[in-house]
Amino acid sequence: MALSNDRFITLDIFRGMTICFMIIVNSPGSGAVQWAPLDHAAWFGFTPTDLVFPSFLFAVGNALSFSKKKFESDATFLGKIFKRTLIIFLLGYLMYWFPFMHRQGETWVFNPLANTRIMGVLQRIALCYFFGGLIVHYCSKKVTVLIAVILLLGYWTFLLLFGISGQEYTMLGNAGTRLDILILGNAHLYHDHGGPVAFDPEGLLSTLTGIVNVIGGYLAGAYIQRKGRNYESIAMLLIYGAILIFIALFWGQFFPIAKKLWTSPFVLLTIGLDLVILGILVYVLELKKIKWSTDFFLVFGRNSLAIYLLSELLLVCIQLIRVKPGLSFYNWINDVFFQQVFPGAFGTLVFAVCYMLLCWLAGYILDKKNIYIKI
């Protein structure tokens, strides 16, 4: 059964929901302990926030299933995928380097290249898109599934074999951190709050399992295109989702679910949840034709990369602007308004939602002017 272009709208809404919640998660207010559901699991475990990033990778894979047939030749495909990968990776690298200066006391000091973070969110998206795209383009579905299984089991094996004995799943003892330090160097890794401990949650090794999130999204999109938009497809999405969630929870008894390590059970859990969400969206939007509030998420979905970059760069800017020495505009607005009107953790949530709406407004203006920034 052929699908109409409405299917792309469902994908845009799914991607838009992901970007919306990604902005909320990345921009909590200050002045109080962060609202717990907006925070990632400390190490092992799972919170709603942990679903956001893998869902975007799932959406990337879903989009690949619709774009695969557009390429006239392998040369066209390879040229496009190389170009997108390089641009997204470079944008991520520059985003972490921005604003290229930092305050030292009340003076500005240049951020040296020697201390810039190499990996990150956009960098992981770029690499997972690249390798996931190559796999689904050149391999059959059976081989693609086999590669996904090998990546999940291989990652687990690598952690057990090359991590520090007894510390295979710890922040500094896991094989991924050791590999990052060996290849990238301590100075090029993420340092929480600028501290001395180097650990990158978007490191090289765990990018392998991130590729599986892209593969999962691709397989889901390909299945819907092949079977059509009907109750059978929705039922199968829900069933496969439930099966993966069950496997993830069972496997998690032996290999912990951990977003910061991007463990194999974490991947299966997030793909399972995304299949359930996608099934519900197809049911609501395409079978029941319920369009309430969908335009809101479409604004994010149609300019997802541009709005995400804006949200990250603008937040850095308001954290750098000083109302007075030692007090940033970011902390000031939270102290004098959000924490006064909504004290405590709830105030951090309200700030995050208001900031998300500000970014949405920028996207809305772009949408009204029919400006869509694509790579």
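Residues numbered from 1 in each chain as written. Predicted model: local features only at pLDDT ≥ 70, side-chain atom pairs only at ≥ 80, totals over all residues. Heavy atoms only, no water.

S.K.: What exactly am I supposed to notice about the overall build of the chain here?
M.R.: Of the regular secondary structure elements, the chain holds 13 helices and 4 strands. Relative to the compact-globule value of 21 Å for 375 residues, the chain shows a C-alpha radius of gyration of 21 Å, a close match. For the chain, the spread of C-alpha atoms along the three principal axes comes to 65 × 55 × 40 Å. When each of the 375 residues of the chain is scored for burial, the buried share is 49%. Pairs at least 24 apart in sequence give 75% of the contacts found in the chain among residues at least 6 apart. A total accessible area of about 17600 Å² is found for the chain, and carbon and sulfur atoms account for 70% of it. (Helix = DSSP H or I, 4+ residues; strand = E, 2+ residues; numbered from the N terminus. Rg over C-alpha atoms; globule rule 2.2 N^0.38 Å. Buried < 20%, exposed > 50% of the residue type's maximum accessible area, 1.4 Å probe, protein only. Contact = heavy atoms within 4.5 Å. Areas by Shrake-Rupley, 256 points an atom, 1.4 Å probe, with all protein chains shown as cover.)

S.K.: Help me out: how do you make sense of the pattern of salt bridges in this one?
M.R.: For side chains bearing opposite charge, pairing can occur when the charged atoms are close. Enumeration according to the criterion identifies 5 salt bridges in this entry. Taking the shortest distance from any N to any O, the salt bridge between Arg15 and Asp12 comes out at 2.3 Å. Placement of both Arg15 and Asp12 in helix H1 (residues 6-26) is noted, with a separation of 3 residues, approximately one turn of the helix. Both residues of the pair, Arg15 and Asp12, belong to the buried class. (Salt bridge = Lys/Arg side-chain N within 4 Å of Asp/Glu carboxyl O.)

S.K.: What is the right way to read the domain arrangement of the chain from this model?
M.R.: Partitioning the chain into structural domains gives domain 1 (19-39 + 290-374) and domain 2 (42-289). On a C-alpha basis, the centres of domain 1 and domain 2 stand 23 Å from each other. The contact between domain 1 and domain 2 buries some 1800 Å² in all, and 75% of this surface belongs to carbon and sulfur atoms. Counting every contact that joins domain 1 to domain 2 gives 0 salt bridges. (Domains from an automatic or database assignment. Buried area = accessible area lost by both parts, 1.4 Å probe.)

S.K.: Honestly, the packing of aromatic side chains in this entry has me stumped. Any pointers?
M.R.: For any two aromatic rings, the description comes down to two numbers: the centre-to-centre distance and the angle of the planes. Under the defined criterion, the tally for this structure stands at 28 aromatic pairs. A centroid spacing of 5.2 Å and a plane angle of 75° characterise the contact between Trp262 and Phe266, whose relative ring orientation is edge-to-face. The buried category is assigned to Trp262, whose relative accessible area is 0%. The exposure class of Phe266 is buried, given its relative accessible area of 0%. Every member of this aromatic cluster is reached through a ring pair, and the members are Tyr155, Trp156, Tyr169, Trp251 and Phe255. Positioned over the ring face of Tyr96 is Arg117, at 4.6 Å from the centre of the ring. (Phe/Tyr/Trp six-rings, centres within 6.5 Å; stacked < 30°, edge-to-face > 60°. Lys NZ or Arg CZ within 6 Å of the ring centre and 35° of its normal.)

S.K.: Honestly, the nonpolar core in this entry has me stumped. Any pointers?
M.R.: Most often, soluble globular proteins keep nonpolar side chains buried together rather than apart. Ranked by size, the top nonpolar core spans 92 residues in total, and within it Ile19, Ile23, Leu122, Ile125 and Phe300 carry the most contacts. At 10 residues, the largest contribution of residues to this core is made by helix H9 (residues 264-287). If you count residues domain by domain, this core takes at least three from each of domain 1 (19-39 + 290-374) and domain 2 (42-289). Leaving out residues up to four positions away in the same chain, Leu122 has contacts with Ile88, Leu91, Gly92, Met95, Leu305, Tyr308 and Leu309. Formed by 5 residues, the second largest nonpolar core is a distinct cluster that contains Met119, Leu184, Leu189 and Ala198. (Core = buried A, V, L, I, M, F, W, Y, C linked by side-chain atoms within 4.5 Å.)

S.K.: Explain the side chain of Arg117 to me, please; I cannot follow it from the model alone.
M.R.: You can see Arg117 is positioned in the loop between strand S2 (107-110) and helix H4 (121-138). For Arg117, the side chain forms a polar contact with the side chain of Glu202, separated by 2.7 Å. (Polar contact = N/O pair within 3.5 Å; in protein donor to acceptor, adjacent residues only side chain to side chain.)

S.K.: Is there a simple way to think about helix H6 (residues 175-183) in this case?
M.R.: In an α-helix there are 3.6 residues to a turn, and that puts residues three or four apart on one side. Buried residues of H6: Ala175, Gly176, Thr177 and Asp180, and no others. The inward-facing, buried residues of H6 abut helix H5 (141-162). Capping of H6 at its N-terminal end is provided by Asn174; its side-chain oxygen lies 2.8 Å from the backbone amide nitrogen of Gly176. Note on H6: the residue one or two positions beyond its end, Gly185, has a positive phi of about 95°.

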